[in-house]
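Tertiary structure, described
This is what each chain is made of:
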Amino acid sequence: MRFTLLLVLVSVLVAALPEAAFSKTRMRSLKHIVLDPGHGGTNPGAPSVTGLFEKYLTLPIALEVERRLREQTDATVTLTRRTDATVGLRERTRLANQAGADLFISIHCNSSENPEANGLEVYFLDPDAAINEFDHLIAHEERGELAQPEVPNKAGAPAEEAPPLTIEQVLLDATMYKSHERSELVAGELLDTIHRVVKVPRRKVRQAPFAVLKEAEMPAVVLEVGYLSHAEEGRRLADPKYQERLADGIVAALIRLDKKLANP
Ligand SMILES: [Zn+2]
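Source: prediction; values computed, not measured.

What counts, and where the lines are drawn
Each chain carries its own residue numbering, running from 1 in the written order of its sequence. For a predicted model such as this one, the threshold for reporting local features is a pLDDT of at least 70, and the threshold for listing and counting side-chain atom pairs is 80 or more; totals across whole chains, interfaces and linings nevertheless cover every residue. With hydrogens and water excluded, all non-hydrogen atoms of the structure serve as input to the side-chain values. Labels follow the DSSP assignment, with helices taken as runs of H or I lasting at least four residues and strands as runs of E lasting at least two, numbered in each case from the N terminus. Every residue pair with non-hydrogen atoms within 4.5 Å of one another is taken to be in contact. Multiplying 1.5 Å by the residue count of a helix minus one yields the expected span of that helix. Definition of a polar contact: a pair of N or O atoms within 3.5 Å, with one able to donate and the other able to accept a hydrogen when the atoms are protein atoms, and with sequence-neighbouring residues admitted only if both atoms are side-chain atoms. Only nitrogen, oxygen and sulfur atoms qualify as donors, provided they sit within 2.8 Å of the metal or within 3.2 Å for Na, K and Ca; with water excluded from the atoms, sites may seem incomplete. Each residue is placed in one exposure class: buried if its accessible area under a 1.4 Å probe, protein chains only, is under 20% of its type's maximum, exposed if it is over 50%, and partly exposed if it falls in between. Each residue gets a pLDDT score, which is the predictor's confidence in that residue and runs from 0 to 100. Nonpolar side chains (Val, Leu, Ile, Met, Phe, Trp, Tyr) are joined into patches within 5 Å and like charges within 9 Å, using only residues with over 30% relative accessible area and no salt bridge. Reported accessibility uses the Shrake-Rupley method at a 1.4 Å probe radius. Residues are deemed covered only where the shown protein chains occlude them. We define a salt bridge as a contact between a side-chain nitrogen of Lys or Arg and a carboxyl oxygen of Asp or Glu at a distance within 4 Å.

Among the secondary structure elements, leucine 30 is positioned in the loop between helix 1 (2-22) and strand 1 (32-37). Once the C-alpha coordinates of leucine 30 and leucine 257 are considered, the two residues, 227 residues apart in sequence, prove to be 8.4 Å apart. Discounting residues that sit within four places of it in the chain, leucine 30 has contacts with Ala75, Asp102, Leu103, Leu254, Leu257, Asp258 and Leu261.

What follows is about helix 10 (residues 240-262). Between its first and last C-alpha, helix 10 extends 33 Å over 23 residues, near the 33 Å set by a 1.5 Å rise per residue. At the N-terminal boundary of helix 10, the capping side chain belongs to aspartate 239, with an oxygen 2.9 Å from the backbone nitrogen of lysine 241.

For the zinc ion, every protein donor is listed as His39 (NE2), Glu54 (OE) and His108 (ND1), and the spread of their distances is 2.1 Å. Donor residues for the zinc ion, ordered by position in the chain, follow H-x14-E-x53-H. With histidine 39 in the loop between strand 1 and helix 2 (55-72) and histidine 108 in strand 3 (residues 103-110), this pair connects stretches of sequence that are 69 residues apart. As far as the burial class goes, histidine 39 and histidine 108 line up, both buried.

Once that is clear, we can look at the confidence of the model for the protein chain. Chain-level pLDDT for the protein chain is 80 on average; 70% of the residues reach the 70-or-more range. Every residue in residues 130-162 is under pLDDT 50, and counting partners more than four places away or in other chains gives 58 contacts. Under a pLDDT of 50 for its full length, residues 164-174 has, in the predicted model, 20 contacts with residues more than four places off or in other chains.

Structurally, threonine 80 can be placed in the loop between strand 2 (76-79) and helix 3 (89-99). If we ignore the near neighbours within four places in the chain, the residues touching threonine 80 are Val34, Leu35, Asp36, Pro37, Val87, Arg92 and Phe104.

We now examine a nonpolar patch on the surface. Judged by side-chain polarity, Leu52, Phe53 and Tyr56 come together as a nonpolar surface patch covering roughly 250 Å² of accessible area. Examined against the element boundaries, leucine 52 turns out to sit in the loop between strand 1 and helix 2. Residue classification places leucine 52 among the partly exposed residues on the basis of a relative accessible area of 33%.

Moving on to the pattern of salt bridges. A complete count under the given rule lists 13 salt bridges for this structure. Salt-bridge contacts for aspartate 36 lead to arginine 92; the nearest nitrogen and oxygen are separated by 2.7 Å. Here the residue aspartate 36 occupies a position in strand 1, and arginine 92 occupies one in helix 3, the gap between them amounting to 56 residues. Here aspartate 36 and arginine 92 have matching classes, each one buried. Among the ionic pairs, arginine 70 bridges to glutamate 66, the shortest N-O distance being 2.6 Å. You can see arginine 70 and its partner glutamate 66 sitting in helix 2, four residues apart, about one turn around the helix. Beyond isolated ion pairs, a larger network of salt bridges with shared partners links Glu64, Arg67, Arg68, Glu71 and Asp248.

Next comes the structure, spelled out in structure tokens:
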């Protein structure tokens, strides 16, 4: 009798399966999303107040975002790394370009000498602002964050990263102009929606021609999910529950964004 009940239950569940699959959000604009967990391998990124390096935080967040996107949407998701591997900045955007991705999101954690600095920040390419931001970029590079040349790989091959950008390289081509409008929309949506879901402060969208964004042929942003240098936020970022909430916010933003892009 109990076995029959179990059989009935199983068949009901199986019957419900296609419907569950069908109820996934159909992505109309962001069909292929590349998630780029910042740093990895020999490039650890910034240390947190807990002593944990950035590379160990960006990966689980990206994996949680991937899991949710697969569960909730029909988007194809590609990660630039799934392990603690060394991946060059150019290699990351090249992967997105070759995949013909619709969006590239590089996930990072921020760090500041000001212990009070906290909250979200999103960077995207803005050719108009590129020259104004050039000084800021140089300062950022010198601080050794995103645009720093990565250390040689295991085989001892020279780092493939180019030397710091020159002003000529900052002047971007027509493809960049087209992607830029969408990158700005992406940046705004990520900031607003994550802020709503996670209740974390957000700072103004900053525009800078980071090396990791420069060669992307699709809308591309660097999302800084919080400050590792902040006593409270630094600790929170290492909490898997908090990482999951950040992933919830990112995925909610991407679903909203897809609707906006599909119905401009
Ligand atoms: Zn970083």
